[in-house]
Amino acid sequence: MIIKNELMDEKAINRALTRIAHEIVEKNKGVENLCFLGIKTRGLPLAARLANKILSIEGQAVSFAEIDVTNYRDDLESKRVELKSDIMAINLDLKDKKVVLVDDVLFTGRTVRAAMDAIMDYGRPVSIQLAVLVDRGHRELPIRADYVGKNLPTSRSEEVIVNLNEIDGRDIVLLVENE
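A quick note: this is a predicted structure, and the numbers were derived from the prediction, not measured. All residue numbers refer to position in the chain's written sequence, counted from 1. The predicted nature of this model means local features are confined to residues of pLDDT at least 70 and side-chain atom pairs, given and counted, to a pLDDT of 80 or more, with totals for whole chains, interfaces and linings taken over all residues. Side-chain metrics in this entry use all non-hydrogen atoms of the structure; hydrogen atoms and water are not considered.

## Quick notes on the overall build of the protein chain
- Scanning the protein chain for helices and strands turns up 5 helices and 8 strands.
- Across the protein chain, helices and strands are ordered from the amino to the carboxyl terminus as β-α-β-α-β-α-β-α-β-β-β-α-β.
- Atoms counted for the radius of gyration: C-alpha only. Globule rule: 2.2 Å times the number of residues to the power 0.38. A globule of 179 residues ought to have a C-alpha radius of gyration of about 16 Å, and the protein chain, at 16 Å, matches this closely.
- Counting only C-alpha atoms, the protein chain reaches 45 × 45 × 30 Å along its principal axes.
- We call two residues in contact when some of their heavy atoms are within 4.5 Å. Of the contacts formed within the protein chain by residues at least 6 apart in sequence, a portion of 69% connects residues at least 24 apart.
- The averaged location of the 30 negative side-chain charges in the protein chain is 4 Å from the averaged location of its 26 positive side-chain charges. A run of H or I in DSSP becomes a helix once it reaches four residues, and a run of E becomes a strand once it reaches two; helices and strands are each numbered from the N terminus. The charge count includes Lys and Arg as positive and Asp and Glu as negative, but it does not include His or the ends of the chains. Lys charges are placed at NZ, Arg charges at CZ, Asp charges at CG and Glu charges at CD.

## Some thoughts on the packing of helix α1 (residues 10-27) against helix α2 (residues 43-58)
- Working convention: axes come from line fits to C-alpha atoms, limited for helices to the stretch in contact. Angles between N-to-C directions cover 0 to 180 degrees. Contact pair α1 / α2: the axes reach a minimum separation of 9 Å and the direction vectors enclose 60 degrees. Here α1 runs over α2; the crossing is right-handed. Only L46, R49, L50, K53, I54, I57 and E58 of α2 make contact with α1, whose side of the interface consists of I13, N14, L17, T18, I20, A21, H22, I24 and V25. Should the near helix be turned anticlockwise from the far one by less than a right angle, the crossing is left-handed, and should it be turned clockwise, the crossing is right-handed.

## Observations regarding the pattern of salt bridges
- By definition here, a salt bridge exists when the distance from a side-chain nitrogen of Lys or Arg to a carboxyl oxygen of Asp or Glu is within 4 Å. Going through the model one piece at a time under the given rule, you end up with 15 salt bridges.
- Taking the shortest distance from any N to any O, the salt bridge between K27 and D146 comes out at 3.1 Å. Of this pair, K27 sits in helix α1 while D146 sits in the loop between β5 (127-135) and β6 (147-151); the two residues are 119 residues apart in sequence, bridging distant segments of the chain.
- Measuring nitrogen to oxygen at the nearest pair gives 2.8 Å for the salt bridge that ties D135 to R139.
- The classification of residues rests on relative accessible area computed with a 1.4 Å probe and restricted to protein chains. Under 20% of the type maximum is buried, over 50% is exposed, and intermediate values are partly exposed. The exposure class assigned to D135 is buried, which follows from its relative accessible area of 10%.
- Since its relative accessible area comes to 28%, R139 is described here as partly exposed.
- When salt bridges that share partners are traced, they join D74, R110, R113, D117, E140 and R156 into one network.

## Describing the environment of A118
- For A118, the position within the fold is in helix α4 (residues 110-122).
- Separated by 50 residues in the primary sequence, A118 and D68 place their C-alpha atoms 8.4 Å from one another.

Below, the structure is given as structure tokens:
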């Protein structure tokens, strides 16, 4: 793999998340009944950062949890095992909530579809919105992000790598070419 470009550094990621936090508050007319679900693995730290930014903006806490969509993926050969207790890392009641799904990269849309299936098995929110740090295109399903940090048209041979301090020890978004 060859690094083609550094797309976002720590400051750019922070600015994008600040903008997304403001957009979420504006679109939802505040934070009442709002919660974040970060798609495992890098969606959770992004959801936590958004919750912290909204706390500083609005002075109100927004709950967040991790959602693991492994059992809902459509590319697994084995039949999915529905274990609601494994879906959420912490207990969050989604009934009558405005759920904002959070992920690092939106590509084909299949992970988001899996997350929506998991959410619907767990509860019935008022709405589901999607926030992503990077939208790289190439959708295979009719899914669009409501909040995007950076739109980045890519080729199929390229990959977007997101590193976050909480997991990888640094904040950076890279565009790489697969050999």
